[in-house]
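Understanding the architecture of this molecule
Chain residues, written in single-letter form:
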Amino acid sequence: MTKVSRRNMLTATAAGAMVTAVTTARASSFGNPDEPPQGAINAKNRQSLTDPGPQDRVLATQFPSAQSPPPTDVGDLPQFWASFNNAPRRIQNGGWARQVTQADFAISETISGVNMRLAAGGIRELHWHLAAEWAYMTYGKCRVTVLDDKGRAYVSDVKEGDLWYFPAGFPHSLQGLAPDGCEFIICFDDGKASEFNTTLVTDWLAHTPPEILAENFGVPVGAFSKIPLHNLWIFQGKLPAALATDQKAVEEPGGLPPSPFTFSLGSSEPVRQMKGGEVMVADSSIFTVSKTIAVGLVTQRPGALREMHWHPNADEWAYWIKGKGRVTAFETGPKAVTLDFNPGDIGYVKRNNGHYVKNVGDTDMQYLEVFRSSYYADVSLSDWLTHSPPEMVAQTLNIDEATIAKFPKDRPLVMSE
Ligand code: MN
Ligand code: MN
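Note that the structure is a prediction, hence the values are computed from the model and not measured. (Residues numbered from 1 in each chain as written. Chains lettered and ligands numbered in written order. Predicted model: local features only at pLDDT ≥ 70, side-chain atom pairs only at ≥ 80, totals over all residues. Heavy atoms only, no water.)

**Points about the side chain of Asn-353**
Filter applied, for reference: Counting from the N terminus, the helices are the DSSP runs of H or I reaching at least four residues and the strands are the DSSP runs of E reaching at least two. Relative accessible area decides the class of each residue, using a 1.4 Å probe on protein chains only: under 20% of the type maximum gives buried, over 50% gives exposed, and in between gives partly exposed. Residue contacts are defined here by distance: any two heavy atoms, one from each residue, within 4.5 Å place the two residues in contact.
Structurally, Asn-353 is set in the loop between β21 (345–349) and β22 (354–359). Classification of Asn-353 by relative accessible area gives buried; the value is 11%. Dropping the residues within four chain positions of it, Asn-353 is found in contact with His-309, Trp-310, Phe-330 and Glu-331.

Dropping the structure here:
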């Protein structure tokens, strides 16, 4: 009996020592949770950090978080960084375009991205396509034309910060205006959509028997003798007439479409204005025609953080306009991967995956969060934790209730440093 008691006592002592060891390990692993430990902080032998092998230093320095991930990163996620910066430009007289579709960026299932420049007078040929087209103007001025399915025409000029949306199948054109044309980002609501493969008016006419053209348009066959035999896609045209003149020229007894196909996001009221930045939103609640794309335009001061959150309704396709951002995406597993973003880059975070966006540069950072959805939605981590019973949150996280009470309770969107 004595022996057994003694063994019990020994066991109890060992258990006590184990508790102490676990506590100590927990303290030393704060911010450093993996087993085996990961991250530069755990590389006691500094050779574990160096990279003697071949590398392109210019390219490599663009990705500090990939080069040396925070020790909290774990596992892998499908690549969620892409860029227009290395997408081949299709250059023609009148402008150029480049694209990042799901063929280039496997994770990007819901959105295909295009970056286009039109010279002053440069025309993106009259066309239509299977996907809906949403766009954000990053530079200059552009004239857009579109016809709806009731035969009502819409012509408008857009400037930096403006949007357009053309529902799938609605035929449209784009033209750069004086003095220096325009540049913009297009999102199709289908990751597979390609700007290099659209339904072009020149192609259709060139591939229709001339006598059919004559009958269709009620004019002699000879009228079509000089039509282009190959498509134009983008071509240099003359600067268009004044906007009012073009609008008058397409006027219909049916009147204008009930809702405009353009919207000024850049000059709209922010949904939140904070010390750390601001967020503007355009979805079908204010930009009525935009039934399949919702967007947030986020501006963050240096050091500011787009709070930890996720989107319950859609994947996020993000486009970097200005500044330097760092994103960690978090998924079940656990998996957590951190990547860096610069102007012209694209990020993609799957629906319901947690993420934050930190401005790691010394200038304002601005990016678009684009969703294939009729509405903008997000769930804030701090909002959730402050709207769950405090005692339960305290027990879960081992943080006292008084501290939890200091967490933001109002979905701040952006926190300043
Ligand atoms: Mn188009
Ligand atoms: Mn987001």
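Read on, since the account is not over.
**Description of the coordination of the manganese ion (ligand 2)**
Angles at a metal have ideal values that depend on geometry: 109.5 degrees with four tetrahedral donors, 90 or 180 degrees with six octahedral donors. Basically, it comes down to this: Only N, O and S atoms count as donors, using a 2.8 Å limit from the metal and a wider 3.2 Å limit for Na, K and Ca, and since water is excluded some coordination spheres may look unfilled.
Bound to the manganese ion (ligand 2) are the protein donor atoms His-309 (NE2), His-311 (NE2), Glu-316 (OE) and His-355 (NE2), situated 2.0 to 2.2 Å from the metal. Between consecutive donor residues of the manganese ion (ligand 2), the sequence gaps follow H-x1-H-x4-E-x38-H.

**Some details on the nonpolar core**
Selection rule: We define a nonpolar core as any set of buried Ala, Val, Leu, Ile, Met, Phe, Trp, Tyr and Cys residues linked to one another through side-chain atoms lying within 4.5 Å.
One finds Trp-134, Trp-164 and Trp-317 to be the most contacted residues of the largest nonpolar core, which totals 79 residues. Ranked by the residues each element gives to this core, the list is headed by strand β6 (residues 133–147), at seven residues. Those residues in contact with Trp-134 that sit more than four places away from it in its chain are Leu-163, Trp-164, Tyr-165, Ile-185, Ile-186, Cys-187, Ser-290, Ile-293, Val-295, Leu-368 and Val-370.

**Overview of the environment of Glu-417**
Heads up, the condition is: Residues adjacent in sequence count toward polar contacts only when both atoms are side-chain atoms; beyond that, a polar contact is any pair of N or O atoms within 3.5 Å, and within protein one must be able to donate a hydrogen and the other to accept it.
Summarising the element assignment, Glu-417 is placed in the segment after β25 (414–415). For Glu-417, the residues in contact, after removing those within four places along its chain, are Pro-302, Gly-303, Ala-304 and Lys-358. Engagement of the side chain of Glu-417 in a polar contact is seen with the side chain of Lys-358, the distance being 3.2 Å.

**Digging into the side chain of Thr-101**
Along the chain, the position of Thr-101 falls in the loop between β3 (95–100) and β4 (112–118). When its relative accessible area of 6% is taken as the criterion, Thr-101 is described as buried. Residue contacts for Thr-101: discarding those within four places in its chain leaves Ser-112, Gly-191, Ala-193 and Ser-194.

**Re the coordination of the manganese ion (ligand 1)**
Taken together, the protein ligands of the manganese ion (ligand 1) are His-127 (NE2), His-129 (NE2), Glu-133 (OE) and His-172 (NE2), with distances of 2.0 to 2.2 Å. Each donor residue of the manganese ion (ligand 1) lies on the same chain, and together they follow the pattern H-x1-H-x3-E-x38-H. Note on His-127: relative accessible area 1%, which makes it buried.

**Some remarks on unusual backbone geometry**
With an omega of 0°, the peptide bond between Glu-35 and Pro-36 qualifies as cis. Tracing the backbone shows Pro-36 in the loop between α1 (2–28) and α2 (57–60). Put simply, Gly-333 and Pro-334 share a cis peptide bond, and its omega is -5°. The residue Asn-352 is not glycine, and still its phi comes out positive at about 70°. By the secondary structure assignment, Asn-352 is in the loop between β21 and β22. Backbone geometry at Arg-411 places phi at a positive 45°, although glycine is not the residue there. Of the residues examined, Arg-411 reaches a relative accessible area of 36% and is grouped as partly exposed.

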